[in-house]
Amino acid sequence: MSGPNDALVALFRELAELTVLDEGSPNAFRVRAYENAREAIQTHRGDLSALSERELTQIDGIGKSTAKKIREFFDAGKISKVDKLREKYPPAFVELSKIPGLGPKTLLRLRDELDIHNVVDLRAAISDQKLRELKGLGAKMEEKLSQAIDRMGLTGKDKRTPIAEALPIARALVSELASLPEVEHAQYCGSLRRFRETVADIDIVVASEKPVEVMDKFVNFAGVRDVIGHGETKTSVLTSSGLQVDLRIVEAHQFGAACQYFTGSKAHNIKLRQRAMDRGWLLNEYGLSDAESGKVIASETEQEIYEALELTLVPPPMREDHGEIEQAQAKALTPAVKLEDLKGDLHVHTSLSGDGKSSLEEIVASAAERGYTYLAITDHGEDLALNGVSCEKLREQRKQIDVLAGQYPKMRLLQGVELNIGPEGGLDYDEAFRRELDWCVAGVHSHFDLDAKLQTQRILRAMEDPTVDAIAHLTGRKIGSRPGIELDIDAVLQKAVETRTAIEINAALPRLDAASDVLFRARDLDVTIVINTDAHHTRELARMEWGALQATRGFVDPARVANSWPRKKFLDWVENRRALKS
DNA sequence: GCCGTTTTCGGCCCGACTGTTTTCAGTCG
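On a predicted model such as this, the values are computed, not experimentally measured, just so you know. (Residues numbered from 1 in each chain as written. Chains lettered and ligands numbered in written order. Predicted model: local features only at pLDDT ≥ 70, side-chain atom pairs only at ≥ 80, totals over all residues. Heavy atoms only, no water.)

Points about the protein's contact with DNA strand B
Then, number 1: In the neighbourhood of DNA strand B, 50 residues make up the surrounding shell, with Arg-32, Gly-101, Gly-138, Tyr-261 and Arg-273 lying closest.
Then, number 2: Sugar and phosphate atoms represent 79% of those atoms of DNA strand B found within 4 Å of the protein.
Then, number 3: At 2.5 Å, a backbone N or O of Gly-101 approaches a phosphate oxygen of DNA strand B.
Then, number 4: Residue His-230 places a main-chain N or O atom 2.8 Å away from a phosphate oxygen belonging to DNA strand B.
Then, number 5: Every element with two or more residues in the surface near DNA strand B is listed here: helix H2 (29-43), helix H4 (64-76), helix H7 (104-114), helix H9 (139-150), strand S5 (224-230), strand S7 (244-250), helix H15 (266-278) and strand S8 (281-284).
Then, number 6: For the surface near DNA strand B, a count of residues per class yields 17 nonpolar, 16 polar and 17 charged. (Near = heavy atom within 4 Å. Polar contact = N/O pair within 3.5 Å; in protein donor to acceptor, adjacent residues only side chain to side chain. Helix = DSSP H or I, 4+ residues; strand = E, 2+ residues; numbered from the N terminus. Nonpolar A, V, L, I, M, F, W, Y, C, P; charged D, E, K, R; others polar.)

Points about the pattern of salt bridges
Then, number 1: The final tally for this structure, using the stated rule, is 34 salt bridges.
Then, number 2: When the shortest N-O distance is used, the salt bridge between Arg-30 and Glu-23 registers 2.4 Å.
Then, number 3: In this structure, Asp-534 and Arg-511 form a salt bridge, with 3.9 Å as the shortest nitrogen-oxygen distance. Highlighted residues: Asp-534 in the loop between strand S17 (529-532) and helix H24 (544-553) and Arg-511 in the loop between strand S16 (502-506) and helix H23 (516-521), separated in sequence by 23 residues.
Then, number 4: Among the charged side chains, a network of salt bridges with common partners joins Glu-14, Asp-83 and Arg-86. (Salt bridge = Lys/Arg side-chain N within 4 Å of Asp/Glu carboxyl O.)

Some remarks on the domain arrangement of chain A
Then, number 1: We note that the domain assignment places domain 1 (6-89), domain 2 (92-155), domain 3 (161-250), domain 4 (255-329) and domain 5 (339-581) within chain A.
Then, number 2: Of note, the centres of domain 2 and domain 4, computed from C-alpha atoms alone, are 38 Å apart. (Domains from an automatic or database assignment.)

Concerning unusual backbone geometry
Then, number 1: Look at the link from Gly-264 to Ser-265: it is a cis peptide, with omega at -5°.
Then, number 2: Following Asp-513, the chain continues to Ala-514 via a peptide bond in cis, the omega torsion being 15°.
Then, number 3: Secondary-structure assignment places Ala-514 in the loop between S16 and H23.
Then, number 4: One non-glycine residue with positive phi stands out, namely Tyr-429, at about 60°.
Then, number 5: Relative to the assigned elements, Tyr-429 resides in the loop between strand S13 (412-420) and helix H20 (431-436).

Comments concerning the sheet that holds S5
Then, number 1: With mixed pairing, five strands are arranged side by side in an open sheet as S2-S4-S7-S6-S5. Each of the sheet's edge strands pairs with one partner strand only, and the pair in question is strand S2 (183-188) and S5. When strand polarity is set aside, the average angle formed by the axes of neighbouring strands in this sheet is 25°.
Then, number 2: In terms of strand pairing, S5 meets strand S6 (residues 234-239) through five bridges, oriented antiparallel. Directly across from Asp-226, in S6, lies its bridge partner Leu-238.
Then, number 3: Strands S2, strand S4 (201-208), S6 and S7 of the sheet are contacted by helix H11 (residues 163-178), whose axis makes an angle of about 175° with S2.
Then, number 4: The sheet contacts of helix H14 (residues 255-263) involve S2, S4 and S7, and relative to S4 the element is tilted by about 170°. (Pairing = 2+ DSSP bridges. Axes fitted to C-alpha atoms, helices over the stretch in contact; angles between N-to-C directions. Contact = heavy atoms within 4.5 Å.)

Details of the pairing of S6
Then, number 1: Summarising burial for S6: five of the six residues are buried, a large majority.
Then, number 2: Here S5 folds back onto S6, and the loop between the two strands holds three residues.
Then, number 3: Sheet topology note: the S6/S7 ladder contains five bridges and is antiparallel. Across the sheet, residue Val-237 finds its bridge partner in S7, namely Val-245.
Then, number 4: Between S6 and S7, which pair antiparallel in sequence order, lie four residues; one of them, Gly-242, sits at a positive phi of approximately 85°. (Buried < 20%, exposed > 50% of the residue type's maximum accessible area, 1.4 Å probe, protein only.)

Focus: the packing of helix H8 (residues 119-127) against H9
Geometrically, a packed helix pair is captured by the angle between its two axes and the distance between the axes.
Then, number 1: Taken N-terminus to C-terminus, the directions of H8 and H9 make an angle of 140°; their axes are 10 Å apart at the nearest point. Comparing their axes, H9 and H8 come out oblique. In this structure, H8 crosses over H9, and the sense of that crossing is left-handed. Across the interface between the two elements, Val-119, Leu-122, Arg-123 and Ile-126 from H8 touch Glu-142, Leu-145, Ser-146, Ile-149 and Asp-150 from H9. (Parallel < 35°, antiparallel > 145°, perpendicular 65-115°, else oblique. Left-handed = near helix turned anticlockwise from the far one by under 90°.)

Written as structure tokens, this is what we have:
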């Protein structure tokens, strides 16, 4: 998402990165302060440039010094502290810090004692066996770093994997682990469980009384290419696709604590541990316990741990320290959107679309099996090359839908279409024909490289059209492969409120569009949300689960999700909003 | 660098694994 403070966020990220080197530790208090400041800037709604130094310090996480830097950025276009650090640590040197296993302390010694300033220097020093001359370093370290450099492109510390790639791998590993006779429970945790759109690695927690046996079997799984570390309770491996997987094993009564601990986020857990400390307790991966006596207070389930800390259980996708702890303390936590809340799917394709794989009959039958009480068929509008559908074909489809409707009395079938938003906001067909349809979603399928102003205009114009009920996959992004269109998000959300146009959460893993930070930004606005699968095959109707998690991650109140509403309420809403727009 | 019904100083989350240090520092998550 592009926002007014993006450049500032990037600068603070760099400031934190450079300060890790300057302080010699990623846990240095100054580093954490900069990271907190970046988080505060990132989650702040509205333009910071209008705020004075004093007003800036009112924001949680921003003190006097950070406020000064922010003002300097807006007034002078730079932060001199960053410039100074950049001189001290040039990019080629910072690049070295991305090598796994090489931390700031060793890195600075390599520079000061061996005059190593970049990857080329490091490679030379390793082949000359210079590193082992340093106290505390040896041949093993040279070997380890040499390998790390070789596979750096594949598994550098910064490399992130799209959720669409990581989630299936994690699910396969968890199910393979769960099938072992020694394993009682298995769960993937970490950023994947929080449903972040990209992940650095996969964290898996297993409960077992026989950790050694489980570890030995795990490192021999077919998908494991390389073993990075192998202990009794913790093992790290690389999969054949280069993804790092960390496995932790605890006893069954510690499973909840371990899942909580390894799900994070770091910021969420720090706050939780501070809460534990305030009560004279200790919170770690084995449980919540009394700091003095060591007596365990809660450990078996996450629910018990949150309750002991006087919090309602926070769903994993919300654990980012975005206000969820304060909400949970006040017993006012935004409820999670649950799969069973969703009563219909409002964006599905059939084989009538060139890219659809299942027939109308198959899609309708599968939707009925899921217990839906309404379903909108939305094949591609005619403007989409190859896959679009003419109005004659849609009129024929209408007849088929009417026949099918008789066979599924419990499910209301809507005939809709997925319109293409043209470069200037134009739509398929003519308005009279679009009005014949029960439900229209409209999305961007072309012209991804216009500037932000033009992109915003085309979306706003589409939303003003009386026949557009929802905007599908807001930015058109494909996570990890295609950036979304540039948009003025606040203007789009404002227009969505004005025109009562719903914003879709597209549940396809490569899309997850609108992004959770866009949803988070809309949390206090009266924006209607719809969660859709964009299924092109019956099996893709199951994606709805991901849509619910994405909504939860964006703090979307279930009451604002139109397809969680009972059928009558939903149909009335469609009718009313169309009347209003006309 | 931030923060404060323990407030303007002195705190700031916790533990496993590795390598080479015979008692622990560095790195990572």
